[in-house]
Each structure stands twice: as structure tokens, then as C-alpha cells.
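# Structure at a glance
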Amino acid sequence: MECPPIAPHPSLVPFEPTAERTLSLFGRTVHLALVPGRKSRSGHVRDGRPALQRSPANRILSEEAYWRSETLAVTPNKFPFAKNHRILWMANPAREPDRTFWQTALHWINQSDGTALLNNVGAAATIPRAHAHLVDEKMPFLGELTERSLQTDLIDVPDGCELVCKDVPFCMIGVRGDLEGKADALMRLADARLTASWNVIIMKDATWIVPRGRQTPVPFFDQAIGSAEFWGRWCYVEEEQFAAATSADLEQALEIATTKPID
């Protein structure tokens, strides 16, 4: 299997937040970062965003890709929210990843010990083309949340894999197992998904999915919640909101932005 380079490319943009702080959510620590430059992103979620807009994906790939395979490409992220931030793209128009995409992302994580974060439209993505953020960081938040085994007929669980869920007041399902099994499980979970959008967080020990409800849970958080926030990093573009954020606000934001847990 071809895998994108593990070593950082010279074109990667440094992650340089203007300010940082921490809070406790569900008894675990999360990181808040003030990154005002992210307001400049094309297509960012905002009031009045049009229903249709010319996709910049082909232009970005033609101008910025530094690695390609037959179906995938990698570019730097010009508006990073983590260290050594790349983007893995479907090379051709597609709103959902295919199995090769998931295999590649999982393989990259196994080799790099970093994190992959996927958003889609309705769950913080600014561009409809399927893509995942590949970063050279790990956050402790998800790993520290308590969890339990999930016994469900939601999907046929691939051999050698298990489903788990976090003990939080919303649906967060994890998959543990080998690379091929996790790729199969992600395809089956996508097929079972009834929400229009979800977030996916891939770490070396497990892959987590979060079916989505409301995209922007105002007044508790005025940005579109994405995988970064479930991973443990909350990105702010306005200093006033960054400074005023409380643990209670962010816990409420996560509950509003998600769906009910699966029993």
C-alpha cells in the first residue's frame, strides 16, 4: 500500500496560536487555541453561507499537492490547528471516503503515531470533497474518557475487531482491531449512518465516530464543531469568546452538536 510521507514537507505551515488555555470537560483536560487566521478560510461556516459554491478542491490539489497516488493526494493546510498539519484528499470528486482512503489514513497513523481527523459538510468542513487532516500530535482527552464494550447489531463487526463507546452523554463509538478490520468497520458504519454528517477521529489505538446533530451550537460555542473539538482541541477565532469560554459551555456545546448515545 502506498502511504503519504511521514516526514514533514517544507510547505507545511507552522501551528502558531495567538493564545492558549485549558479547561476540564467531563473531568478530562481539553486545550483551547486562539487562531484568528482561520477566519480567512474559503467557505467557512457562517450565517448566510450559500447552498452552492464552486469547489476549490481541484485548484488546491493542482497548486499545492506534494504527494499523489492514483486516487489520493496530500497538501499542506494553510490554516493549521495542529502541528505539521497536512490534508489527505480524494483526488477525484467524492463526498465520502472510499476504503482505500481509510486504509491509507489508518496506515499513516500506524507509521507516524499521529492523528487523522475527518469532517464533512454539516460537521465543520469548508470544502465538500472528502478529506482528512493528518497531524503530528496526540491529545489525551479521548484516551482518558472512560468507555465500555458496545454490544449491538448496528453492523457486522469485522473479525478481530470490537466496538466500544465512551461514557459521555452523546453517541461516540470506537473501533479497535487491525488496520483492515477498522477500514471495513468504517465503511459499514458509514453505510449505517442516518445522520447527514459525522466526525471521525483516527488514533493508533482506536478510531472514533461521532454522528452529528447541530453544526454550530450557539450560544455555547459560536464556531462549527469539528473533529478537533472531540479530539480535545477547541479552536477560536475571536479573543472575546476564547477568554470567556467555560467548561459548562463546552459540555453543553458537545451535547447540542451530537446525537443520543446508543444503549
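Just above, that's the structure.
Residues numbered from 1 in each chain as written. Predicted model: local features only at pLDDT ≥ 70, side-chain atom pairs only at ≥ 80, totals over all residues. Heavy atoms only, no water.

As a further point, take the overall build of the chain. A count of helical and extended segments in the chain gives seven helices and 13 strands. Relative to its length of 263 residues, the chain is compact, with a C-alpha radius of gyration of 17 Å against a globular reference of 18 Å. A principal-axis box enclosing the C-alpha atoms of the chain has dimensions of 50 × 45 × 35 Å. Restricting the contact set of the chain to residue pairs at least 6 apart, pairs at least 24 apart contribute 65%. In the form shown here, the chain has an accessible surface area of approximately 11,700 Å², with 48% of it arising from carbon and sulfur atoms. Counting 28 positive and 33 negative side-chain charges, the chain places the averaged centre of each group 5 Å from the other. (Helix = DSSP H or I, 4+ residues; strand = E, 2+ residues; numbered from the N terminus. Rg over C-alpha atoms; globule rule 2.2 N^0.38 Å. Contact = heavy atoms within 4.5 Å. Areas by Shrake-Rupley, 256 points an atom, 1.4 Å probe, with all protein chains shown as cover. Lys, Arg positive; Asp, Glu negative; His and termini not counted. Charge placed at Lys NZ, Arg CZ, Asp CG, Glu CD.)

Summed over the entire model, instances satisfying the criterion amount to six aromatic pairs. Relative to Phe 170, the ring of Phe 26 lies with its centre 6.2 Å away and its plane at 55 degrees, an arrangement referred to as tilted. Here Phe 26, found in the loop between strand E1 (19-25) and strand E2 (28-34), pairs with Phe 170, found in the loop between strand E9 (162-166) and strand E10 (173-176); they are 144 residues apart in sequence, far enough to count as distant. For Phe 170, a relative accessible area of 4% corresponds to the buried category. Geometrically, the ring pair formed by Tyr 236 and Phe 242 is edge-to-face, given 6.0 Å between the ring centres and 75 degrees between the ring planes. In this pair, the class of Tyr 236 matches that of Phe 242, namely buried. (Phe/Tyr/Trp six-rings, centres within 6.5 Å; stacked < 30°, edge-to-face > 60°. Buried < 20%, exposed > 50% of the residue type's maximum accessible area, 1.4 Å probe, protein only.)

A separate point is the sheet that holds strand E13 (residues 233-236). Here three strands make up an open sheet; going across it, the order is E1-E2-E13 and the pairing mixed. The two strands at the open ends of the sheet, each matched to only one other strand, are E1 and E13. Put simply, the sheet's adjacent strands are angled 25 degrees from each other on average, direction ignored. The sheet contact formed by E2 and E13 spans four bridges and is parallel. Within the sheet, the bridge partner assigned to His 31 lies in E13 and is Arg 233. Of the strands in this sheet, E1, E2 and E13 touch helix H7 (residues 247-256), which is tilted by about 70 degrees from E1. (Pairing = 2+ DSSP bridges. Axes fitted to C-alpha atoms, helices over the stretch in contact; angles between N-to-C directions.)

Another aspect to go through is the packing of helix H2 (residues 99-112) against helix H4 (residues 179-192). One can describe the packing of H2 onto H4 by two numbers: an axis separation of 9 Å at closest approach and a directional angle of 140 degrees. Viewed along their axes, H2 and H4 adopt a mutual orientation that is oblique. Like other packed secondary-structure pairs, H2 and H4 cross with a definite hand, here right-handed. Where H2 abuts H4, its residues Arg 99, Trp 102, Gln 103, Leu 106, His 107 and Asn 110 lie against Leu 179, Glu 180, Lys 182, Ala 183, Asp 184, Leu 186 and Met 187. Of the residues that constitute the contact of H2 with H4, the class distribution is six nonpolar, three polar and four charged. (Parallel < 35°, antiparallel > 145°, perpendicular 65-115°, else oblique. Left-handed = near helix turned anticlockwise from the far one by under 90°. Nonpolar A, V, L, I, M, F, W, Y, C, P; charged D, E, K, R; others polar.)

This part takes up the environment of Ser 247. Position of Ser 247 relative to the elements: it lies in helix H7. In this structure Ser 247 comes out as partly exposed when scored by relative accessible area, which is 23%. Setting aside anything within four residues of it in sequence, one finds Ser 247 in contact with Leu 23, Ser 24 and Leu 25. At 2.8 Å, the side chain of Ser 247 forms a polar contact with the backbone oxygen of Ser 24. (Polar contact = N/O pair within 3.5 Å; in protein donor to acceptor, adjacent residues only side chain to side chain.)

Position of Glu 229 relative to the elements: it lies in helix H5 (residues 227-231). In contact with Glu 229, other than residues within four places in its own chain, are Phe 221, Ala 224, Trp 234 and Cys 235.

So, on to the sheet that holds E9. Taken in spatial order, the 10 strands make up an open sheet running E3-E4-E5-E7-E6-E11-E12-E10-E9-E8, and their pairing is antiparallel. The open sheet is flanked by strand E3 (67-68) and strand E8 (147-149), the only strands paired with a single partner. Each of E3, strand E4 (72-76) and strand E5 (86-90) touches helix H1 (residues 57-64); the most contacted strand, E4, lies at about 75 degrees to it.

Inspection of the secondary structure assignment puts Ser 197 in the loop between H4 and strand E11 (198-202). Ser 197 gets classed as buried once you look at its relative accessible area, which sits at 5%. Within the structure, the side chain of Ser 197 is placed 3.3 Å from the backbone oxygen of Gly 122, a separation counted as a polar contact. Among residues more than four places away in sequence, those in contact with Ser 197 are Asn 120, Val 121, Gly 122, Ala 123, Pro 211 and Arg 212.

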